[in-house]
Amino acid sequence: MSYYVTTPIYYVNAQPHLGHAYTTIAADVLARHMRQRGEDVFFLTGTDEHGEPVALAAEAAGISPKELADRNAARFEALMPRIEATNDFFIRTSDPRHTEAVRELMVRIHEAGHIYKGEYEGLYCPRCADFKTAQEVGPGDTCPVHGIELTVEKEENWFFRLSAFQADLERLFDEQPDFVRPPERRNEALSFIRSGLRDISCSRSGLTWGVPVPWDESQVFYVWFDALLNYVTALRFAREGEDITSQYWPAAVQLIGKDILKFHAVYWPAILMAAGLDVPRSLIVHGYLLMDGEKMSKSLGNVLDPFEVMDRFGADALRFYLMREVQFGADGTVSTEGFETRYSTELANDFGNLASRTVAMVERWRDGKTPAVAHDPVIEAELSGVAAEVAALLDAVEPTNALEAIWKRIRRLNRYVEETAPWVLAKDEAESDRLDQVLATLIEGVRVVTVALHAFIPVSTGTLIAALGEDDLSWAAATWRPVGTGSKVGPLAPLFPKP
RNA sequence: GCCCCGGUAGCUCAGCGGUUAGAGCAACGGACUCAUAAUCCGGAGUGCGCCGGUUCGAAUCCGGCCCGGGGCACCA
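If you're wondering where the values come from, they're calculated on a predicted model, not measured in any experiment. (Residues numbered from 1 in each chain as written. Chains lettered and ligands numbered in written order. Predicted model: local features only at pLDDT ≥ 70, side-chain atom pairs only at ≥ 80, totals over all residues. Heavy atoms only, no water.)

Undergrad: Any chance you could explain the overall build of chain A here in plain terms?
TA: What chain A contains, in helices and strands, is 19 helices and 16 strands. Sequence separation of at least 24 residues holds for 75% of the intrachain contacts in chain A that already meet a minimum separation of 6. Of the roughly 20600 Å² that chain A leaves accessible, carbon and sulfur atoms contribute 50%. Computed over 49 positive and 73 negative side-chain charges, the inter-centroid distance for chain A is 3 Å. (Helix = DSSP H or I, 4+ residues; strand = E, 2+ residues; numbered from the N terminus. Contact = heavy atoms within 4.5 Å. Areas by Shrake-Rupley, 256 points an atom, 1.4 Å probe, with all protein chains shown as cover. Lys, Arg positive; Asp, Glu negative; His and termini not counted. Charge placed at Lys NZ, Arg CZ, Asp CG, Glu CD.)

Below, the structure written as structure tokens:
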């Protein structure tokens, strides 16, 4: 079975920040891991470019919406290699191939009878020339921008018959209890569905920066329809000259933040059903990264700057920290102090130093050649299960727990060094065989955790595997081998140098 | 108002019916020197938000309450 993983597409009106990096890194860990396992992976990310905020920002800047979108989309596209994300494609919703596909799919939904003409009634600000949502409305039904009283206005829109999918959605949640995870988010979506679904308008008039409704060119589709459909439209053109939809759809995992749950857990499956397409196999919802217990915000000046972290410590360090510090799925606190502690105690001291001391000992006492002898069964017993355990945890999209499982082994290996005290063995010729065994076992242990960690910290594990005289980073290589290979190890500079 | 999460060592959290409640970090004492002044060991530190119930037995189940966060439709 193929493994298609997606991130949300990022709205170009914002600057790339830690939250974008977080979701993308999580998706990349899954994609890399599944590739290690030899799965047929497709990893998609991209930008959402239509809608009024972009149109307004472009107008303010005196450029066209397309120019603004081009400029800002480039920033997101540049983020991907920075964080070592291995996306197979980067979709932009302003891509004509996407807009054409949206039009075709929406026609299909229309012809299936799921769209009708209706009236949207809401609070309208004549000066903004726009409707306001309940959350936007100021006290006393006033405009938050202009402070003037809003009026009730009606507009003719096309409506999507969401209500018609109530039973189908309830059945989906019932038959696939894991459709939305973690369970608290599933509960939230389900209770929303059970509270009774109303039809939603799927078009807007008076806005041109969007995908025109094919049967009514005076309107454009509501951005969410345009945006959600990216997950399927991309497969039509992501690979040059080929339509890979049937190969990869339905997606294995769609990652989202909890702020966009309703759109993905309710609207999205309904839209797919209306279009006669399968729904994704799972929707994984992560929490917010908090700083000082507050949601990140620039105005609070409490932002952990991902670019600063990467400049100083590299992409691996950021990837590790985000996957390690916050239990994936829950809200969690991040901070520069927390980052520095994890970097120093875990990456540098536990793992980096284990690699250093292991390689150094083989270089010093065995001329840099891994003894080709059988490994210590005590360590084999404690390390050989790591591959299966990590694979199972990543199948369940629990990257934080997967890292903990690996770290237990790393700590075990450091303890093994103390228990066996190779520096004592090295002084006694009679202990030469035992030293061979200990060193070979350490090399093997480091090699196994290196392969297991590769999806998380691809750069440093790539360096280390080469220093161990190996090159196989496939998942099969995460299996414990019974005998040392005689590989040439070293030299190895500190993987995670301290400032 | 209704619904959903969470409230466990100084800090961050795991455990979610069963031996004397755990980990990491921080802190204190000790060991060692292969290593990125790294590592390892040890003791100390809470009896699990509060009240009540079920049970041979509850942090773990049930009820109520308190505190914190979130959802209850058209924000991209």
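Undergrad: Whenever I open this one, helix α13 (residues 336-366) confuses me. Can you help?
TA: An α-helical segment advances 3.6 residues per turn. Residues three or four places apart therefore align on the same side. Of all the bends found along α13, the most pronounced is centred on Gly352 and spans about 35 degrees. Once α13 ends, the next one or two residues include Asp367, with phi positive near 55 degrees. (Bend = angle between axes of the 7 residues up to and from the residue.)

Undergrad: Help me understand the sheet that holds strand β7 (residues 180-181), please; the structure alone is not making it clear to me.
TA: The strands that make up a sheet pair up through hydrogen bonds in the backbone, lying either parallel or antiparallel. Taken in spatial order, the six strands of this open sheet run β3-β2-β1-β12-β13-β7, and their pairing is parallel. Of all the strands in the sheet, the pair left with one neighbour each is β3 (89-92) and β7. Sheet analysis places strand β12 (residues 253-257) next to strand β13 (residues 283-286), joined by four bridges and oriented parallel. Paired with Gly257 across the bridge in β13 is His286. This element, helix α8 (residues 230-237), spans β1 (3-11), β2 (41-48), β3 and β12 of the sheet and lies at about 115 degrees to β1. (Pairing = 2+ DSSP bridges. Axes fitted to C-alpha atoms, helices over the stretch in contact; angles between N-to-C directions.)

Undergrad: In this structure, what is going on with the side chain of Ser201? I would like to understand it.
TA: With respect to the element layout, Ser201 can be found in strand β8 (residues 200-201). The class of Ser201 is buried, set by a relative accessible area of 7%. At 2.9 Å, the side chain of Ser201 forms a polar contact with the side chain of Arg204. Apart from residues no more than four positions distant in its own chain, Ser201 is found in contact with Tyr120, Asn157, Trp158, Phe159, Tyr222 and Phe225. (Buried < 20%, exposed > 50% of the residue type's maximum accessible area, 1.4 Å probe, protein only. Polar contact = N/O pair within 3.5 Å; in protein donor to acceptor, adjacent residues only side chain to side chain.)

Undergrad: Would you mind showing me how to read the packing of helix α5 (residues 166-175) against helix α10 (residues 261-274) here?
TA: The interhelical angle for the contact between α5 and α10, taken along N-to-C directions, is 110 degrees, at an axis separation of 10 Å. Looking at the two axes, α5 sits roughly perpendicular to α10. Between α5 and α10 lies a crossing whose hand is right-handed. The residues of α10 that touch α5, namely those facing Asp168, Leu169, Leu172 and Phe173, are Ala265, Val266, Pro269, Ala270 and Met273. (Parallel < 35°, antiparallel > 145°, perpendicular 65-115°, else oblique. Left-handed = near helix turned anticlockwise from the far one by under 90°.)

Undergrad: Can you walk me through the sheet that holds strand β10 (residues 212-213) in this structure?
TA: With antiparallel pairing, the three strands of this open sheet are ordered in space as β9-β11-β10. The two strands at the open ends of the sheet, each matched to only one other strand, are β9 (203-205) and β10. With two bridges joining them, β10 and strand β11 (residues 216-221) adopt antiparallel strand pairing. Among the inter-strand pairings, Val213 is bridged to a residue of β11, identified as Asp216.

Undergrad: Looking at this model, I keep getting lost on the pairing of β2. Mind explaining?
TA: Regular strands place their side chains on alternate faces of the sheet. Buried residues dominate β2, accounting for eight of its eight residues. Bridge analysis of β1 against β2 gives seven bridges, and the strand direction is parallel. For Ile9, the partnering residue across the bridge sits in β2 and is Gly46. Regarding the hand of the β-α-β motif, the stretch spanning β1, helix α1 (residues 18-36) and β2 is right-handed. Across four bridges, the pairing between β2 and β3 is parallel. Counterpart to Thr47 in the pairing with β3 is Arg92. (Right-handed = clockwise from strand over helix to strand, strands pointing away.)

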